[in-house]
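# Residue-level structural notes
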Amino acid sequence: MDLKEVNLSAPHSMGTTIIGVTYNGGVVLGADSRTSTGVYVANRASDKITQLTDNVYVCRSGSAADSQIVSDYVRYFLHQHTIQLGQPATVKVAANLVRLIAYNNKNMLQTGLIVGGWDKYEGGKIYGIPLGGTIIEQPFAIGGSGSSYLYGFFDQAWKEGMTKDEAEQLVVKAVSLAIARDGASGGVVRTVIINSEGVTRNFYPGDKLPLWHEELEPQNSLLDILNTSSPEPMNI
Amino acid sequence: MSNSGIDVPPKGGFSFDLCRRNDMLAKKGVQPPSSFRKTGTTIVGLVFQDGVILGADTRATEGPIVCDKNCEKIHYMAPNIYCCGAGTAADTEAVTDMVSSQLQLHRYHTGRESRVVTALTLLKKHLFNYQGHVQAALVLGGVDVTGPHLHTIYPHGSTDTLPFATMGSGSLAAMSVFESKYREGLTRDEGITIVVEAICSGIFNDLGSGSNVDVCVLTKGHKEYLRNHLLPNPRTFVNPKGFTFPKKIEVLLTKITPLKEKVEVIEGGDAMEE
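Predicted model only: the values in this text are computed from it and were never measured. (Residues numbered from 1 in each chain as written. Chains lettered and ligands numbered in written order. Predicted model: local features only at pLDDT ≥ 70, side-chain atom pairs only at ≥ 80, totals over all residues. Heavy atoms only, no water.)

### Quick notes on the interface of chain A and chain B
Residue-level contacts link 19 residues of chain A with 24 residues of chain B. Between arginine 44 of chain A and glutamate 179 of chain B there is a salt bridge, and its shortest N-O distance comes to 2.5 Å. At the boundary of chain A and chain B, one finds five residue pairs in polar contact (both at pLDDT 80 or more). Elements supplying a minimum of two residues to the side of chain A that touches chain B: α1 (2–9), β5 (40–43) and α2 (64–85) of chain A. (Contact = heavy atoms within 4.5 Å. Salt bridge = Lys/Arg side-chain N within 4 Å of Asp/Glu carboxyl O. Polar contact = N/O pair within 3.5 Å; in protein donor to acceptor, adjacent residues only side chain to side chain. Helix = DSSP H or I, 4+ residues; strand = E, 2+ residues; numbered from the N terminus.)

Here is the structure:
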């Protein structure tokens, strides 16, 4: 009986690492890919960066069901809004729709979201919407269980006016650091870059990510420590 | 029943109390049971080069008792969409029947073949509304105009889209088979072999699944429902003489009622009149 209850009725949560970063010209959203039910990894290659409109995406964390339903509703409302407005929705409107649903149902939902996108009025923008339904516009936002390990990293590594490649490298490095330390984050790193030109999705498989302090390098002899290369220094 | 003693909460770890009892019984000549009761489910789905293959075991349980040794866990949703269900049998049956009829109505409205994402959205909305109290964990697979699709749906309403998926108490055993053997671009026979292996792994290694293997192969415009594709648990000890009453009992009356009545069809009978 125990087995059945653990596997089936444990709510599906995404212990997660999600990141949204603005750069000079747009935004970069990043996430890991692990969805867990208790200690079992239910999906090791999930896509936590969901499309709301052509130019606005959202990173989901917390309860998988709640975040999927919220993003489905917002996508539906935004679609109607776009038809009524006659032009692409702004990131601010998308983020506020998410916030309205999150705040008005705060007793029943358990999901933290990061909305990011590009529009012609404001350019690239990131909005963090954590558990209670606050909305906060930030130059960069981090969320999920793995984000605890990244506050110090971002305080040091973040700077204004990065280029697109610098921003993406920062996001990939940050997610891989969080994956190394957080048991509930893992799998691959997915990034989405949104700017005036459009949307680019990238995929970094687990074996391509850098290994950090005390993670084992694949090696023939455990005594062979003299030949291992030292890990990359923290300062970019 | 409770004596005047302090209730101590059970400690973690293995309890060895019953081992002493077993030793004592063994010394007296009592054999331990050789088979264990099984409960639960193993359901799987896999995408291969031409479509989707779904698989399931066939045991239904009521607590520790097997109430149906050969039930059907692969439910019909649409001619091109099937759904395996794990969890409470009533919930899986009810939710798949309900969505299947909604899909039928939708087909009448639109005049088109149903799409897998439609079934997915209907199921996910229903399950989310009931906040996980409808205990149905589903593996939904089908082939429509947009291609082959495979999704898992959890009782709380979250969904995943995957190339291979397992659910139920035997999901870990079946997933281990998939993780080692799955690759992209499998042929139909390779796919069926892997699905059968995964279900068998659940049947034999999970104290949760048993009996036979059902397989359903869905390709563009064609479906094959292979009911009882494999029977790895045959009833081996059947008395060839059949059952006879012990000699002391007199048979007073024998009446045989066939369970299926044979109906005579009269050709060219009277036409129905309004």
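Picking up where we left off.
### Section: the side chain of aspartate 182 of chain A
Residues and elements named next belong to chain A. Looking at the element boundaries, aspartate 182 is found in the loop between α5 (164–181) and β12 (189–195). Among buried Asp, Glu, Lys and Arg side chains, aspartate 182 stands out as unpaired, with arginine 34 the closest opposite charge at 7.8 Å. Within polar-contact distance, the side chain of aspartate 182 engages the side chain of serine 185 at 2.8 Å. The residues contacting aspartate 182, other than those within four sequence positions of it, are Thr16, Thr17, Ser145, Gly146 and Tyr149. (Buried < 20%, exposed > 50% of the residue type's maximum accessible area, 1.4 Å probe, protein only. Lys, Arg positive; Asp, Glu negative; His and termini not counted.)

### Quick word on the pairing of strand β13 (residues 198–204) of chain A
In regular strands, side chains alternate between the two faces of the sheet. Residues and elements named next belong to chain A. Where β12 meets β13, seven bridges bridge the pair, whose relative direction is antiparallel. In the strand pairing of β13, threonine 191 is matched with asparagine 202. Count of turn residues in the β12/β13 antiparallel hairpin: two residues. (Pairing = 2+ DSSP bridges.)

### Describing the sheet that holds strand β10 (residues 164–167) of chain B
Residues and elements named next belong to chain B. Ordered by their spatial adjacency, five strands build an open sheet running β10-β1-β2-β11-β12, and the pairing between neighbours is antiparallel. Since the sheet does not close on itself, it has two edges, and those belong to β10 and β12 (222–230), each with one partner. Within the sheet, the average angular offset between the axes of one strand and its neighbour, ignoring direction, is 10 degrees. In the sheet, strand β2 (residues 51–56) pairs with strand β11 (residues 213–219) via six bridges, with the strands oriented antiparallel. Considered in β11, the bridge of glycine 55 is made with valine 215. Against the sheet, helix α4 (residues 171–181) makes contact with β1 (43–47) and β10, and its axis sits at roughly 165 degrees relative to β10, the strand it touches most. Against the sheet, helix α5 (residues 188–205) makes contact with β1, β2, β11 and β12, and its axis sits at roughly 150 degrees relative to β11, the strand it touches most. (Axes fitted to C-alpha atoms, helices over the stretch in contact; angles between N-to-C directions.)

### Quick look at the layout of surface pockets
Within this model, the largest pocket holds a volume of roughly 710 Å³. Around the largest pocket, the lining is made up of 27 residues, and of these Thr50 and Arg75 of chain A together with Lys124, Thr159 and Thr161 of chain B lie nearest the centre. Take the lining of the largest pocket: its biggest share by element is six residues, from α2 of chain A. Looking at the lining of the largest pocket residue by residue, the classes come out as seven nonpolar, eleven polar and nine charged. (1 Å grid on protein atoms, 1.4 Å probe; cavity = no way out; pocket = protein on both sides within 12 Å on 5 of 7 lines; lining within 4 Å. Points joined across faces, edges and corners; volume = space filled by probe spheres on them. Nonpolar A, V, L, I, M, F, W, Y, C, P; charged D, E, K, R; others polar.)

### Quick look at the nonpolar core
Ranked by size, the top nonpolar core spans 42 residues in total, and within it Leu46, Ile53, Leu54, Phe178, Val195 and Val215 of chain B carry the most contacts. Broken down by secondary-structure element, the contributors of at least two residues to this core are β1, β2, β6 (81–87), β7 (136–144), β10, α4, α5 and β11 of chain B. Ranked by residues supplied to this core, first place goes to α5 of chain B with eight residues. Not counting the four nearest positions on each side in its chain, leucine 46 of chain B is found in contact with Gly51, Val52, Ile53, Leu150, Pro163, Phe164, Phe178, Tyr182, Leu186, Gly191, Ile194 and Val195 of chain B. Grouped together as the second largest cluster of nonpolar side chains are 26 residues, Val21, Phe140, Ile142 and Val171 of chain A included. (Core = buried A, V, L, I, M, F, W, Y, C linked by side-chain atoms within 4.5 Å.)

### Regarding helix α2 (residues 89–110) of chain B
Since the α-helix advances by 3.6 residues per turn, residues separated by three or four positions end up pointing in the same direction. Residues and elements named next belong to chain B. Between its terminal C-alpha atoms α2 stretches 31 Å, which fits the 32 Å expected from 22 residues at 1.5 Å a residue. Taken as a whole, α2 has its buried residues at Thr92, Val95, Thr96, Val99, Ser100, Leu103 and Arg107. Each buried residue of α2 sits inside an arc of 135 degrees when the element is viewed along its axis, so together they form one side. Across α2 from its buried face, at more than 90 degrees, point the exposed residues Ala90, Leu105, Tyr108 and His109. Tucked into the core, α2 has its buried residues touching β5 (74–78), β6, α3 (116–129) and β7. Following α2 by one or two positions, glycine 111 adopts a phi angle in the positive range, close to 70 degrees. (Expected span 1.5 Å × (residues − 1). Arc of directions from axis to C-beta.)

### Some details on the packing of α4 of chain B against α5 of chain B
All names here are of chain B. One way to put it is that α4 packs onto α5 with a least axis distance of 7 Å and a crossing angle of 150 degrees. Relative to α5, the crossing made by α4 is right-handed. From α4, Ala173, Ala174, Val177, Phe178 and Lys181 reach across to α5, where they touch Ile194, Val195, Glu197, Ala198, Ser201, Gly202 and Asn205. A class-by-class count of the residues in the contact of α4 with α5 yields seven nonpolar, three polar and two charged. (Left-handed = near helix turned anticlockwise from the far one by under 90°.)

### A closer look at α2 of chain A
All names here are of chain A. For α2, built from 22 residues, the straight-helix expectation of 32 Å at 1.5 Å per residue is met to within 8% by its first-to-last C-alpha distance of 31 Å. Turning to α2, its buried residues are Ala64, Ala65, Asp66, Ser67, Gln68, Ile69, Val70, Ser71, Asp72, Val74 and Leu78. In the stretch just after α2, glycine 86 is the one whose phi turns positive, near 85 degrees.

### Notes on the environment of threonine 257 of chain B
Looking at where threonine 257 of chain B falls in the secondary structure, it is placed in the segment after β12. Separated by 235 residues in the primary sequence, threonine 257 of chain B and asparagine 22 of chain B have C-alpha atoms spaced 47 Å apart.

### Overview of empty space enclosed by the protein
Empty space among the atoms becomes visible once a probe the size of a water molecule is rolled across them. Residues and elements named next belong to chain A. A complete count under the given rule lists two cavities of 30 Å³ or more for this structure. Its boundaries defined by the atoms lining it, the second largest cavity holds a volume of some 30 Å³. Around the second largest cavity, the lining residues are Leu52, Val58, Ser67, Val70, Ser71, Val74, Val98 and Leu113. Among the elements that line the lining of the second largest cavity, the one with the most residues is α2, at four residues. Per-class residue counts for the lining of the second largest cavity are six nonpolar, two polar and no charged.

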